[in-house]
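The primary structure of each chain is shown beneath.
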Amino acid sequence: MAEGENYANPLTCFFHVLFKAVVWVALGIVALIKLNIDYLLVVGVCLALGIANIVGFTKCRKDAKKQVQNFASRTIASHVQSTIQSAFSVV
């Protein structure tokens, strides 16, 4: 391993944070349903920090918006394709 070599892909880290934001929203909904105000406060802080990280990433990287759009379109296309394939394989 060379010194200073970075194994973390910034785009991968970005999507991990984005996924975690989705998980925090789900946990927030559960906390809201159970009326756990303490947990709701923790979820709010975590969401605020996660969203700030996402906004900062997209503003700092020149091609971040384009990469996010490309990733989203590939993911949606893959999901639609697998849904169509599974629909036809059942018949």
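Residues numbered from 1 in each chain as written. Predicted model: local features only at pLDDT ≥ 70, side-chain atom pairs only at ≥ 80, totals over all residues. Heavy atoms only, no water.

**Points about the overall build of the protein**
Next, step 1: Looking only at helices and strands, the protein features three helices and zero strands.
Next, step 2: Across the protein, helices and strands are ordered from the amino to the carboxyl terminus as α-α-α.
Next, step 3: Burial status across the protein gives 13% buried among its 91 residues.
Next, step 4: A separation threshold of at least 6 residues defines the contact pool for the protein, and within that pool the share at least 24 residues apart is 53%.
Next, step 5: Only carbon and sulfur atoms are counted for the fraction: they give 69% of the accessible area of the protein, which is about 7,400 Å². (Helix = DSSP H or I, 4+ residues; strand = E, 2+ residues; numbered from the N terminus. Buried < 20%, exposed > 50% of the residue type's maximum accessible area, 1.4 Å probe, protein only. Contact = heavy atoms within 4.5 Å. Areas by Shrake-Rupley, 256 points an atom, 1.4 Å probe, with all protein chains shown as cover.)

**Observations concerning unusual backbone geometry**
Next, step 1: Its identity is not glycine, yet Leu35 carries a phi of approximately 60°, on the positive side.
Next, step 2: Of note, Leu35 is situated in the loop between helix H1 (10–33) and helix H2 (37–60).

**Some thoughts on a nonpolar patch on the surface**
Next, step 1: Taken together, the side chains of Ile76, Val80, Ile84 and Phe88 define a hydrophobic patch exposed on the protein surface, amounting to about 420 Å² of accessible area.
Next, step 2: Within the element layout of this structure, Ile76 appears in helix H3 (residues 64–90).
Next, step 3: Overall, the relative accessible area of 55% leaves Ile76 in the exposed class. (Patch = residues over 30% accessible without salt bridge, like charges linked within 9 Å, V, L, I, M, F, W, Y side chains within 5 Å. Salt bridge = Lys/Arg side-chain N within 4 Å of Asp/Glu carboxyl O.)

**Remarks on H2**
Next, step 1: With 24 residues, H2 ought to run about 34 Å at 1.5 Å a step, and its terminal C-alpha atoms sit 34 Å apart, in line with that.
Next, step 2: Here H2 has its buried residues at Val43, Leu47, Gly50, Ile54 and Phe57. (Expected span 1.5 Å × (residues − 1).)

**Focus on the confidence of the model for the protein**
Next, step 1: Confidence in the prediction for the protein averages 76 pLDDT; 78% of positions are at 70 or higher.
Next, step 2: Mean pLDDT across the elements of the protein ranges from a minimum in H3, with 77, to a maximum in H2, with 82. (pLDDT = per-residue confidence, 0-100.)

**What about the environment of Phe15?**
Next, step 1: Looking at the element boundaries, Phe15 is found in helix H1.
Next, step 2: Exposure remark for Phe15: the relative accessible area of 16% places this residue in the buried category.
Next, step 3: For Phe15 and Ile54, which are 39 residues apart along the polypeptide, the C-alpha to C-alpha distance reads 8.8 Å.
Next, step 4: Apart from the residues within four sequence positions on either side, Phe15 is in contact with Val68 and Phe71.

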